[in-house]
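Coordinates in review
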Amino acid sequence: MKIITVSYRLPLSIKKQKQKVKITQSSGGLATAILSYSEKSNVNLTWVGVADFDKTTWEENKDRYEKNFEIEPVFLDKQLNRQFYNVFSNSVLWALFHYFPSFVEYTDYGFEAYKAANEIVAEKINSIYEPGDIVWIHDYHFLGLPKLVREYHPDAKIGFFLHIPFPNFEIFRILPNKAKKYILEGILGSNVAGFHTWDNTIHFTECVEKIMGIPHKNFLFSQDSHRTKAGSFPISIDFNKFYDAFDKERVIALRDEIKELYGDKKIIFSVDRLDYTKGITNRLNAFEKFLQKYPEWKEKVVFLLVLVPSREEIKKYGERKRMIELNIGRINGNMGNYKWTPIVYQYQSVDFDKLIALYTSADVALISPVRDGMNLVAKEYVASRKDLRGALILSSMAGAAKELKEAITINPFDAEMIADKLYYSLNMEEEEQARRLERMQRYLQKHDVFRWASRFLEETEDIHKRDSKAKALHGEERDLFLQKFENAEKRLLLLDFDGTLVNLQARPEMAVPGQDVLETLAHLSADTKNEVWIVSGRNREFLQEHLGHLNIGMIAEHGGYIKNTEWEPVITGTPEWKEQVIDIMQDYVDTNVESFVEVKEFGVAWHYRNVDEKQGFNASRELLMLLKNYMHNTPTQIIDGNKVIEVKHYMAHKGTTCKNNVLCGEHDFVIAFGDDKTDEDLFELLTGENEYSVKVGKGNTAARYRLESVEEVLAFLKELEKSLEFEK
Ligand code: GDG
């Protein structure tokens, strides 16, 4: 078993400089964390990514780096790579997912290149994949990849993590429909879809529900082949590496140099890739505002601005650079003088030691992205301040703001607010600085990048392990099962009605039990060793009319009513919310004329199976969201069923009603059959050795066995019947 990590960039770069070859291995947080996890769990690590070197260079140098994990480079054609990376990934996805819709430059050829690149990477993974491996896919470059890997290996353990925000539905819907579907289906190929924050997770689940029509239960999406758990996994840093760096000899020397250079002046510091999402222009304007509003700080403060070149081939990045440099020139010209330059700017990266020296010299770190998945700079600044000095100003639009509660938070669009917070932070007492930093450090020490990687990978393993392993009830499995049935002395049979004993019809009243069903139920219940129950979502009048003459128990309205000898309600009182739901649903009947409302005692259902497919689907998504908001704080459950949206009393629950009334522990053989979501509530309870559950039809399930159709259920029940005759 191994971990296959996939990211656009490899943690290794090979550059040819004149005659020499320079190999740099990344010691970034992600690589260190996954490597540490793979060592701890004693599994190998292989890294797949797009090569920034050619094949020959690779062949010549592949044995010349320190091999603590395998590297599998993918060589993409230059033009394809450009269109995949620059044209679609960075000019569409990056812009849109950071809420810059006006920056989106969508082209079909870009999208095609994106799909092609994802396929090439999927082939590479396929060529190295072995059963049992975990595939961990990173970021927006590979949104289609989880599905592609799943197509090759249906039982693979696949994790997907998005490092940037996932936008809300109104922003995401801007993409062309084919791209939206490709992305959502792609991510849903994973067992775990991870995001930095719950906001992002909720945005994703909302898009899946609205666009794909796949509902979730506790952020778990059920699909035919597997389930996908969406969740929040805030990334972090190697805390000790930053904390301990404070005392490194070179860091101390560099820090002394900086301090000497700026003397008594206070230092404001920021470091980012030059990107329009990082709010650099806003930051500069706010700094100017600060100097205007608090002129006493002139000549007493300096703003060290480090910008790292990024995506220079993309027009928007070039434009942004010019805009920033104009601004710096303007502010320095207007505010500075021959003795003092307010903003000291460099457009180059710094090495690790210099970065730490800058972090630990800064009185204030000013981090103001207008949108950021997490922002590691904020966490690094906090971790490196072993001296407990300094203040962190952090945009509330960064994922990190959800965790770093002792930061001074700002709205990056509010220059006046930033100016005031700068003033506050520069004047902050040392005691307050220490108190804030100490609390954040305690948090980061515990929530470091190693914990992040372990949590994510363990969750992927866990979700995969708990995934449906329902076996087909055929062949040997079936014989074994019949044998157990025959040997049992006190059997309990729990049968759902619609979709299990009868096929769905255009209207519910048309789906009545045929003669064969009635005979089978009569025969099965005639045996004194058997106790037969119908567990249905239908109302009691219907069940009484069609099945009332049989010697069987019945549960109606998903558990709301029960009949042993007489019908009795499980729930007391009248549901006050019913009239409101009927009114809402009636509006949908008016605009979707073939749909209809079914009113039950403890629930109301809107059926749209007769409405044009697309129209019905769209209306159902809208109704679902409306009901979710409307029914908030009522004792109801909303079910997004098969062409039906149903609101029911939360106590009308097949699992609970069976548990409290029927599953009394006296049986030595229990079997439940069902086809939809409400039956899963019952299946989840049947975990004992002699308890069996059978899912009818496709879809992920908690059931142990599977039959494909109503016809297969009836044939199987007939076999149970036969075994009774055989017994006699
Ligand atoms: C994406 C998401 C999310 C920067 N300049 C230098 C340098 N850096 C290092 C920092 C930090 C990293 O680069 C930047 O990380 P961020 O998190 O701030 O931002 P993105 O690059 O946009 O990353 C982001 C992240 O993925 C992780 O999931 O947090 O939201 O956009 O580690 O230290 N390092 C050195 N010299 C530099 O000049 N040595």
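Residues numbered from 1 in each chain as written. Predicted model: local features only at pLDDT ≥ 70, side-chain atom pairs only at ≥ 80, totals over all residues. Heavy atoms only, no water.

A count of helical and extended segments in the chain gives 25 helices and 30 strands. Evaluated residue by residue, the chain yields a buried proportion of 57% over its 728 residues. Residue pairs at least 24 apart in sequence account for 70% of intrachain contacts in the chain once pairs closer than 6 positions are excluded. Only carbon and sulfur atoms are counted for the fraction: they give 48% of the accessible area of the chain, which is about 31600 Å². Taken as two groups, the 96 positive and 112 negative side-chain charges of the chain have centres that lie 7 Å from each other. (Helix = DSSP H or I, 4+ residues; strand = E, 2+ residues; numbered from the N terminus. Buried < 20%, exposed > 50% of the residue type's maximum accessible area, 1.4 Å probe, protein only. Contact = heavy atoms within 4.5 Å. Areas by Shrake-Rupley, 256 points an atom, 1.4 Å probe, with all protein chains shown as cover. Lys, Arg positive; Asp, Glu negative; His and termini not counted. Charge placed at Lys NZ, Arg CZ, Asp CG, Glu CD.)

Right, let's get into the sheet that holds strand β4 (residues 44-50). Overall, mixed pairing links the nine strands, which are arranged β5-β4-β1-β6-β7-β8-β11-β10-β9 in an open sheet. In this open sheet, the two edge strands, each paired with only one partner strand, are β5 (70-74) and β9 (216-217). In this structure, strand β10 (residues 220-222) lies alongside strand β11 (residues 227-232), joined through three bridges in antiparallel fashion. Residue Ser222 lies in a different strand from β11, and its bridge partner there is Arg227. Packing of helix α3 (residues 78-97) onto the sheet brings it into contact with β1 (2-9) and β4, and relative to β1 it is tilted by some 85 degrees. (Pairing = 2+ DSSP bridges. Axes fitted to C-alpha atoms, helices over the stretch in contact; angles between N-to-C directions.)

Read from one edge to the other, the open sheet built from nine strands follows the order β18-β30-β29-β28-β19-β20-β21-β22-β23, with strand pairing classed as mixed. Among the strands making up the open sheet, the edge pair consists of β18 (471-472) and β23 (567-569). By the bridge criterion, three bridges tie strand β21 (residues 553-556) to strand β22 (residues 561-563) in an arrangement that is antiparallel. Looking at β22, one finds that Ala556 is bridged to Tyr561. Where helix α18 (residues 475-487) meets the sheet, it contacts β18, β19 (491-495), β20 (530-535), β28 (669-674), β29 (691-696) and β30 (705-707), and its direction lies at approximately 130 degrees from that of β28.

What follows deals with helix α14 (residues 376-384). Burial of α14 is extensive: eight of the nine residues sit out of reach of the surface. The inward-facing, buried residues of α14 contact α9 (239-245), β12 (266-273), α13 (352-361), β15 (364-367), β16 (391-395) and α16 (430-446). Here α14 starts with a cap whose side-chain oxygen sits 3.1 Å from the backbone nitrogen of Val377, and that cap is Asn375. (Polar contact = N/O pair within 3.5 Å; in protein donor to acceptor, adjacent residues only side chain to side chain.)

Another point: the pairing of β12. Regular strands place side chains that alternate from one sheet face to the opposite one. The buried fraction of β12 is high, at six of eight residues. The pairing of β12 with strand β13 (residues 301-308) spans eight bridges and is parallel. Residue Val271 lies in a different strand from β13, and its bridge partner there is Val306. Taken together, β12, helix α11 (residues 280-293) and β13 constitute a β-α-β crossover, and its handedness is right-handed. The pairing of β12 with β15 spans two bridges and is classified as parallel. Opposite Ile268, over in β15, you have Val364 as the bridge partner. (Right-handed = clockwise from strand over helix to strand, strands pointing away.)

Another aspect to go through is the site of the ligand. The ligand sits among 21 residues. The nearest are His163, Val350, Asp372, Leu376 and Glu380. At a separation of 2.6 Å, an oxygen atom of the ligand approaches a polar side-chain atom of His163. At a separation of 2.5 Å, an oxygen atom of the ligand approaches a polar side-chain atom of Glu380. For the ligand, whose free accessible area comes to 730 Å², the fraction covered by protein is 79%. (Near = heavy atom within 4 Å.)

If you walk through the whole model with that rule in mind, you get 54 aromatic pairs. When the centroid spacing of 5.0 Å and the interplanar angle of 55 degrees are considered together, the rings of Phe100 and Phe103 count as tilted. Note on accessibility: Phe100 and Phe103 belong to one class, buried. For the ring pair Phe287 and Phe303, a centre distance of 5.2 Å and an interplane angle of 65 degrees mean the geometry is edge-to-face. Here Phe287 is found in helix α11, whereas its partner Phe303 is found in strand β13, with 16 residues between them in sequence. For the pair formed by Phe287 and Phe303, the shared burial category is buried. Among the aromatic side chains, those forming a connected cluster through ring pairs are Tyr8, Phe84, Tyr85, Phe88, Tyr106, Phe111, Tyr114, Phe142 and Tyr182. Over the face of the ring belonging to Tyr347 we find Lys321, whose NZ or CZ atom lies 4.4 Å from the ring centre. (Phe/Tyr/Trp six-rings, centres within 6.5 Å; stacked < 30°, edge-to-face > 60°. Lys NZ or Arg CZ within 6 Å of the ring centre and 35° of its normal.)

A word on the pattern of salt bridges. Counted according to the given criterion, the structure contains 48 salt bridges. Two residues, Glu719 and Arg478, come together in a salt bridge whose shortest N-O distance is 2.7 Å. In this pair, Glu719 is assigned in helix α25 (residues 710-727) and Arg478 in helix α18, connecting sequence segments 241 residues apart. Within this structure, Lys147, Glu151, Lys181 and Glu185 form a network of salt bridges that share partners. (Salt bridge = Lys/Arg side-chain N within 4 Å of Asp/Glu carboxyl O.)

Moving on: the packing of α11 against helix α15 (residues 415-426). Running from N to C, α11 and α15 cross one another at 65 degrees; their axes reach a closest spacing of 8 Å. Relative to α15, the element α11 lies roughly perpendicular. Relative to α15, α11 is oriented so that their crossing is right-handed. Across the interface between the two elements, Ala286, Phe287, Lys289, Phe290 and Lys293 of α11 pack against Ala415, Glu416, Ile418, Ala419, Asp420, Leu422, Tyr423 and Leu426 of α15. Looking at the contact of α11 with α15 residue by residue, the class counts come to nine nonpolar, no polar and four charged. (Parallel < 35°, antiparallel > 145°, perpendicular 65-115°, else oblique. Left-handed = near helix turned anticlockwise from the far one by under 90°. Nonpolar A, V, L, I, M, F, W, Y, C, P; charged D, E, K, R; others polar.)

Here we take up the side chain of Ser536. Within the secondary structure, Ser536 is located in the loop between β20 and α20 (540-547). What makes Ser536 buried here is its relative accessible area of 1%. Among the polar contacts made by the side chain of Ser536, one reaches the main-chain amide nitrogen of Arg538 at a distance of 2.9 Å. Excluding residues that lie within four positions of it along the chain, Ser536 makes contacts with Asp496, Phe497, Leu543, Ile555, Ala556, Glu557, His558, Gly559 and Lys654.

The pairing of strand β2 (residues 12-17) with strand β3 (residues 20-25) spans six bridges and is classified as antiparallel. Looking across to β3, one finds that Lys15 is bridged to Lys22.

Time to look at the domain arrangement of the chain. It is common to give the size of an interface as the accessible area lost on bringing the parts into contact. Assigned domains of the chain: these are domain 1 (3-10 + 30-232), domain 2 (239-444), domain 3 (471-570 + 652-727) and domain 4 (578-649). Domain 2 and domain 4 are separated by 52 Å when their C-alpha centres are compared. (Domains from an automatic or database assignment.)

On to the nonpolar core. With 71 residues, the main nonpolar core has Tyr359, Leu392, Leu394, Leu404 and Trp452 as its most contacted residues. Counting residues domain by domain, this core receives three or more from each of domain 1 (3-10 + 30-232) and domain 2 (239-444). Not counting residues within four places of it along the chain, the set of residues in contact with Leu394 comprises Ile367, Ala378, Ala400, Ala401, Leu404, Ala407, Ile408, Thr409 and Ile410. One finds Ala117, Leu145, Phe172 and Phe221 within the second-largest nonpolar core, a separate group that totals 66 residues. (Core = buried A, V, L, I, M, F, W, Y, C linked by side-chain atoms within 4.5 Å.)

This part takes up the environment of Tyr347. Structurally, Tyr347 can be placed in strand β14 (residues 343-347). A C-alpha to C-alpha distance of 8.6 Å links Tyr347 and Leu305, two positions 42 residues apart in sequence. The residues touching Tyr347, leaving out its near neighbours within four places in the chain, are Leu274, Leu307, Val308, Pro309, Ser310, Glu312 and Lys321. A polar contact of 2.7 Å, which involves the side chain of Tyr347, links it to the side chain of Glu312.

All right, on to a negative patch on the surface then. A cluster of like negative charges, contributed by Glu579, Asp583, Asp587 and Asp590, occupies part of the molecular surface. Mapped onto the elements, Asp587 comes out in helix α21 (residues 578-591). (Patch = residues over 30% accessible without salt bridge, like charges linked within 9 Å, V, L, I, M, F, W, Y side chains within 5 Å.)

What follows deals with the environment of Ser190. Relative to the helices and strands, Ser190 resides in the loop between α7 (177-187) and β8 (192-195). A distance of 2.6 Å separates a polar atom in the side chain of Ser190 from the backbone oxygen of Ile187.

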